[in-house]
Amino acid sequence: MQLSPPIWKWFTTQGKEQEDAYEAAMEQLLVLEKVLDEKKFFGGERIGFVDLSLGSLSYVIPIYEDITGVRLITSDKFPWLSAWMEGFLGLPLVKEHLPPLDKLRPRYQAIREAFLSK
């Protein structure tokens with residue numbers, strides 16, 4: 001499964017290229033949705049390796065969505081993935097180690113603008 005590349009491409013492109021990347025990202029997100037299927041974490045009730053591996057996406061995807069004005073993950077389309085993201089980011093251990101949003105958002109905004117200006 002290649003989740004990060006289509007999400008990154010969606011974030012750093014526009015037009016047809018962005019639309020194609022959006023569709024690829026949605027397909028991959030649907031795979032995650034099906035794997036979660038009513039579970040709190042990917043391994044069940046306890047956080048595990050897959051959760052930690054995908055955890056950064058739960059933090060940056062909302063930033064990407066905010067910058068682009070396009071939602072990838074909605075609770076209507078991805079109820080289990082949305083709940084997982086909220087649950088993962090709500091863990092005290094995770095919350096303590098998240099970088100500040102006020103520093104990340106401008107950084108990602110500048111990255112997107114640099115890619116789009118090429």
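Overview of the structure.

Criteria and thresholds
Residues numbered from 1 in each chain as written. Predicted model: local features only at pLDDT ≥ 70, side-chain atom pairs only at ≥ 80, totals over all residues. Heavy atoms only, no water. Axes fitted to C-alpha atoms, helices over the stretch in contact; angles between N-to-C directions. Helix = DSSP H or I, 4+ residues; strand = E, 2+ residues; numbered from the N terminus. Parallel < 35°, antiparallel > 145°, perpendicular 65-115°, else oblique. Left-handed = near helix turned anticlockwise from the far one by under 90°. Contact = heavy atoms within 4.5 Å. Nonpolar A, V, L, I, M, F, W, Y, C, P; charged D, E, K, R; others polar. Salt bridge = Lys/Arg side-chain N within 4 Å of Asp/Glu carboxyl O. Buried < 20%, exposed > 50% of the residue type's maximum accessible area, 1.4 Å probe, protein only. Expected span 1.5 Å × (residues − 1). Bend = angle between axes of the 7 residues up to and from the residue.

**Brief notes about the packing of helix α1 (residues 4–12) against helix α3 (residues 49–68)**
- Closest axis-to-axis distance for the α1/α3 pair is 10 Å, and the angle between their directions is 25°. Our classification of the angle between α1 and α3 gives roughly parallel. The chirality of how α1 crosses α3 is left-handed. Of the residues in α3, those in contact with Ser4, Ile7, Trp8, Trp10 and Phe11 of α1 are Leu57, Ile61, Tyr64, Glu65, Ile67 and Thr68.
- Considered class by class, the residues forming the contact of α1 with α3 number eight nonpolar, two polar and one charged.

**Comments concerning the pattern of salt bridges**
- In the structure shown here, the tally under the stated rule is four salt bridges.
- As a salt-bridge pair, Lys16 and Asp20 come within 2.7 Å of each other at their nearest N and O atoms. Residue Lys16 and its partner Asp20 are both found in helix α2 (residues 15–36); the two are separated by four residues, about one turn of the helix.
- Residue classification places Lys16 among the exposed positions, given a relative accessible area of 56%.

**Description of α3**
- Taking 1.5 Å per residue as the helical rise, α3 with its 20 residues ought to reach 28 Å, and the 30 Å between its terminal C-alpha atoms agrees with that figure.
- The axis of α3 is deflected most strongly, by about 35°, at Gly55.
- The positive-phi residue at the C-terminal boundary of α3 is Gly69, with phi of around 75°.

**Considerations on the environment of Phe42**
- Along the chain, the position of Phe42 falls in the loop between α2 and α3.
- Assessed through its relative accessible area of 8%, Phe42 is described here as buried.
- Once the C-alpha coordinates of Phe42 and Tyr22 are considered, the two residues, 20 residues apart in sequence, prove to be 23 Å apart.
- With sequence-adjacent residues up to four places away left out, Phe42 is seen in contact with Leu32, Val35, Leu36, Val50, Asp51, Leu54, Leu81 and Trp84.

**Remarks on the packing of α1 against helix α6 (residues 101–116)**
- Contact geometry for α1 and α6: axes closest at 8 Å, N-to-C directions at 75°. Judged by the angle between their axes, α1 and α6 are roughly perpendicular. Contacts between α1 and α6 involve Trp8, Trp10, Phe11 and Thr12 from the first element and Tyr108, Ile111, Arg112, Phe115 and Leu116 from the second.
- Of the residues belonging to the contact of α1 with α6, the class tally is seven nonpolar, one polar and one charged.

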